[in-house]
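Architecture at a glance
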Amino acid sequence: MAPRFAERRARPRIPVDQSVSVTILGPSPETVPGTVADVSGSGLRLIVTQSVPVSALIRIDGFGSMLLGEVCRSQWIADAWHLGVILEHVLENADEFAAIAAF
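What you see is a predicted model; the values in this text were computed from it and never measured.

In this section: the pattern of salt bridges. Per the stated rule, a full pass over the model turns up 3 salt bridges. The network of salt bridges with common partners includes Arg13, Asp38 and Arg45.

So, on to the pairing of strand 5 (residues 65–77). Of the strand pairs in this sheet, strand 4 (residues 57–62) and strand 5 are connected by 6 bridges, and their pairing is antiparallel. Across the sheet, Leu57 pairs through a bridge with Glu70, a residue of strand 5. Here strand 4 folds back onto strand 5, and the loop between the two strands holds 2 residues, one of which, Phe63, carries a positive phi near 60°. The sheet contact formed by strand 5 and strand 6 (residues 80–91) spans 11 bridges and is antiparallel. Its bridge partner lying in strand 6, Val71 is registered against Val85.

What follows concerns the packing of aromatic side chains. Taken as a whole, this structure holds 1 aromatic pair when the rule is applied. With a centroid separation of 5.5 Å and 65° between ring planes, the pair formed by Trp76 and Trp81 is classed as edge-to-face. Exposure remark for Trp76: the relative accessible area of 46% places this residue in the partly exposed category. The exposure class assigned to Trp81 is partly exposed, which follows from its relative accessible area of 22%.

Bringing the environment of Ala37 into the picture now. Its place among the elements puts Ala37 in strand 2 (residues 30–39). Given the relative accessible area of 13%, Ala37 is considered buried. Along the primary structure Ala37 and Leu83 are separated by 46 residues, whereas in three dimensions their C-alpha atoms are 9.8 Å apart. In contact with Ala37, not counting residues within four places along its chain, are Ile14, Pro15, Val16, Arg45 and Ile47.

What follows concerns the sheet that holds strand 2. Spatially, 6 strands are ordered 1-2-3-6-5-4 in a closed barrel, and the strand pairing comes out antiparallel. Along the sheet, successive strands turn relative to each other by an average axial angle of 45°, direction set aside.

With that settled, consider the nonpolar core. Ranked by size, the top nonpolar core spans 16 residues in total, and within it Leu46, Val52 and Ile58 carry the most contacts. With sequence-adjacent residues up to four places away left out, Val52 is seen in contact with Ile24, Ile58, Val71, Ser74 and Leu83.

This paragraph deals with the side chain of His82. Counting through the fold element by element, His82 comes out in strand 6. Overall, the relative accessible area of 10% leaves His82 in the buried class. Engagement of the side chain of His82 in a polar contact is seen with the side chain of Arg45, the distance being 2.9 Å. When neighbours within four sequence positions are excluded, His82 is seen to be in contact with Arg45, Leu46, Ile47, Arg73, Ser74, Gln75 and Ile77.

All right, on to the pairing of strand 3 (residues 43–48) then. For strand 2 and strand 3, the ladder comprises 5 bridges, and the chain directions are antiparallel. Considered in strand 3, the bridge of Val36 is made with Leu46. Count of turn residues in the strand 2/strand 3 antiparallel hairpin: 3 residues.

Rules used throughout
- Residues numbered from 1 in each chain as written.
- Predicted model: local features only at pLDDT ≥ 70, side-chain atom pairs only at ≥ 80, totals over all residues.
- Heavy atoms only, no water.
- Salt bridge = Lys/Arg side-chain N within 4 Å of Asp/Glu carboxyl O.
- Pairing = 2+ DSSP bridges.
- Helix = DSSP H or I, 4+ residues; strand = E, 2+ residues; numbered from the N terminus.
- Phe/Tyr/Trp six-rings, centres within 6.5 Å; stacked < 30°, edge-to-face > 60°.
- Buried < 20%, exposed > 50% of the residue type's maximum accessible area, 1.4 Å probe, protein only.
- Contact = heavy atoms within 4.5 Å.
- Axes fitted to C-alpha atoms, helices over the stretch in contact; angles between N-to-C directions.
- Core = buried A, V, L, I, M, F, W, Y, C linked by side-chain atoms within 4.5 Å.
- Polar contact = N/O pair within 3.5 Å; in protein donor to acceptor, adjacent residues only side chain to side chain.

The following block contains the structure:
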C-alpha cells in the first residue's frame, strides 16, 4: 500500500482552468502564455511552457485583473512547467483602470 501524506497547505486549492498572460519581470521582461490550474487564498499554480526560476517576480494578466507574485516552486511535470506562485498584490478590474488611465 502506498504511504499517505498529510496535506500541508493552510488553505484549500480551488481548481481553475483559465488562460492568462504571464510576464517574467526583470531587466528584460518576457511575456509568455500560461494557464492558472488552481488557486488558494494566498497563491496559485500556474502552467507555462518555459522554465521560470524560483524567486522570479511575475505579473499575471487575466480574469480582468492584474496579479503580482513570486515563484516559490518550479517543476517540470509531463510536458510543461508547473509554477507555485505566492501572490503579493492583486488589482481587480484592471481593465477598468486601464480605460481610465487612457482617458
